[in-house]
Amino acid sequence: MTARHNLLSPELKANPYPAYADLRRNAPVCQVDPGGMWAVSRYEDVMYVLKNPQLFSSTGFGAATNPPWLGGNPLSDSMLAQDPPLHGRLRGLISRAFGASAISRMEPRVRDIAREAVAALPLGQSFDVMQPYALRIPASVIGDLLGVEPALHARLKRWADLITGGVTTVRPEEEDRKQLARDAVRELKTYFGELLERRRQEPGEDMLSDLVRLRVDGEALSTDELLAFCAMLLVGGIETAVNMLGTSLLVLAERPELLARLREERSRIPAFLEEVLRYEPPIHAAPRVTTQDVEVGGTHLPAGSRVLTLIGSACRDDAQYPDADRFDLDRPGPQNLPFGHGIHFCLGAQLARLEGRLALEAVLERVGRLERGPEPMTWHRTLVVRGPGTLPLVLHPV
Ligand code: HEM
């Protein structure tokens, strides 16, 4: 290994995979920039960390997203940032809302959302697909799920950005950005606080109404618990799926033979999505903190070490996925690691897969061919999330 890698450097934002390969080969558990966190890059070690929450706590996520200058962040109190036993209690409460029958009930609505978004896309000219396609679909799905009025769906992503990357990437002198994050927390709490109150008075058919009605040993969930849940759904459901939808189109634009094959064999769409998620996972890292002195991959980490579990690297580990840098539609699946592993395994995995499938079906109905536009694309990246920032494409009609 040449020098300590900076995971947020422009080169790694554009393409982190050569650096990941270097880490796996030469320093599978080592400190990286920014901040000297311990990067764990091999599949086997990533699984070990995710399987052992008693050694690798998720509470560091809460601390990272709630610095003292912010004055509170509902996301930091969500189950994503909790360990057992509290994590299990919160997850038990809401997991029914994400069960197989709940997801299949959502299918007609998600299909409508996908078709409406695709019907509005221009054909025959280059445009950035991220906003009108990749973002619009998951923002509308989560907005609907929570009962948020459609005019506000676009704002959900802004809040999600500001309470995650908008907090964790702020430098000490950036007072303007701190204020933006504080404003976002205030707006989110005010908006969802009022929405919760309305649902208490007048319950509807959405998930928030179900949660407001829920009683655990006779007790209702507190407003803070409900706000944490809303913040987590915005971040978990939008920040991730937007990247999956964007990279799906990028892969198809770069490999026209795949589009032709999916058109012939629609039943391969789920396999295609699994490979997209492995090849370009939307979540590249799950942050943890060691609860005691531990050993990972032969390296000793003292108690209190901040660990970055590099899912993005594990998904390209040849030891687990032969010829891992090759996109292979026929690779045996499903690929679950992009959705994490263990007690925090993504609660929305089936919903994400449904969105991905229905979005692609809508594209195949209207688009015969797609190609990269003349403008360059960009990648955005925080320590946790990676995906296209802008993705200019030209869609041609069937
Ligand atoms: C392609 C899309 C998605 C990907 C790649 C993804 C990935 C992940 C990953 C890696 C985790 C584990 C984080 C950790 O261990 O620290 C996670 C957790 C979670 N995800 Fe997703 N996710 C996606 C979509 C969604 C959607 C659509 C929803 C909700 C509607 C959702 C809700 C959640 C929740 C609630 C958790 C926390 C589970 C827990 O802490 O027990 N995700 N997701």
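Residues numbered from 1 in each chain as written. Predicted model: local features only at pLDDT ≥ 70, side-chain atom pairs only at ≥ 80, totals over all residues. Heavy atoms only, no water.

A. Representation of the coordination of the iron atom of the ligand. No protein donor other than Cys 346 (SG) coordinates the iron atom of the ligand, and that contact is at 2.2 Å. Its location among the elements puts Cys 346 in the loop between helix 16 (311-314) and helix 17 (349-366). (Donors = N, O, S within 2.8 Å, 3.2 Å for Na, K, Ca; no water. Helix = DSSP H or I, 4+ residues; strand = E, 2+ residues; numbered from the N terminus.)

B. Spatial organisation of the nonpolar core. Ranked by internal contacts, the top residues of the largest apolar core, which has 100 residues, are Tyr 133, Leu 146, Phe 192, Leu 234 and Phe 272. Counting 23 residues, the second-largest nonpolar core is a separate cluster that includes Met 47, Val 49, Val 307 and Val 385. (Core = buried A, V, L, I, M, F, W, Y, C linked by side-chain atoms within 4.5 Å. Buried < 20%, exposed > 50% of the residue type's maximum accessible area, 1.4 Å probe, protein only.)

C. Structural detail: unusual backbone geometry. A cis amide bond links Asp 33 to the next residue, Pro 34, at an omega of 0 degrees. Its location among the elements puts Pro 34 in the loop between strand 1 (29-32) and strand 2 (37-40). Note the cis peptide between Pro 84 and Pro 85, where omega equals 5 degrees. Examined against the element boundaries, Pro 85 turns out to sit in the loop between helix 4 (59-64) and helix 5 (86-95). One non-glycine residue, Asp 323, adopts positive backbone phi at about 55 degrees. Inspection of the secondary structure assignment puts Asp 323 in the loop between helix 16 and helix 17.

D. Main features of the site of the ligand. In the neighbourhood of the ligand, 29 residues make up the surrounding shell, with His 87, Arg 91, Arg 288, His 344 and Cys 346 lying closest. Here His 87 contributes a side-chain N or O atom positioned 2.6 Å from an oxygen atom of the ligand. A distance of 3.5 Å separates an oxygen atom of the ligand from a polar atom in the backbone of Ile 343. Residue assignment for the shell around the ligand shows that the elements contributing at least two residues are helix 5, helix 12 (223-239), helix 13 (241-254), strand 7 (286-290) and helix 17. (Near = heavy atom within 4 Å. Polar contact = N/O pair within 3.5 Å; in protein donor to acceptor, adjacent residues only side chain to side chain.)

E. Local environment of the packing of helix 7 (residues 130-146) against helix 12. Viewed as axis vectors pointing N to C, helix 7 and helix 12 meet at an angle of 155 degrees, and their least axial separation amounts to 9 Å. What the angle tells us is that helix 7 and helix 12 run roughly antiparallel. Between helix 7 and helix 12 lies a crossing of right-handed hand. Along the contact surface, helix 7 presents Leu 135, Pro 138, Ala 139, Ile 142, Leu 145 and Leu 146, while helix 12 presents Phe 229, Cys 230, Leu 233, Leu 234, Gly 237 and Ile 238. Taken together, the residues that form the contact of helix 7 with helix 12 break down as 11 nonpolar, one polar and no charged. (Axes fitted to C-alpha atoms, helices over the stretch in contact; angles between N-to-C directions. Parallel < 35°, antiparallel > 145°, perpendicular 65-115°, else oblique. Left-handed = near helix turned anticlockwise from the far one by under 90°. Contact = heavy atoms within 4.5 Å. Nonpolar A, V, L, I, M, F, W, Y, C, P; charged D, E, K, R; others polar.)

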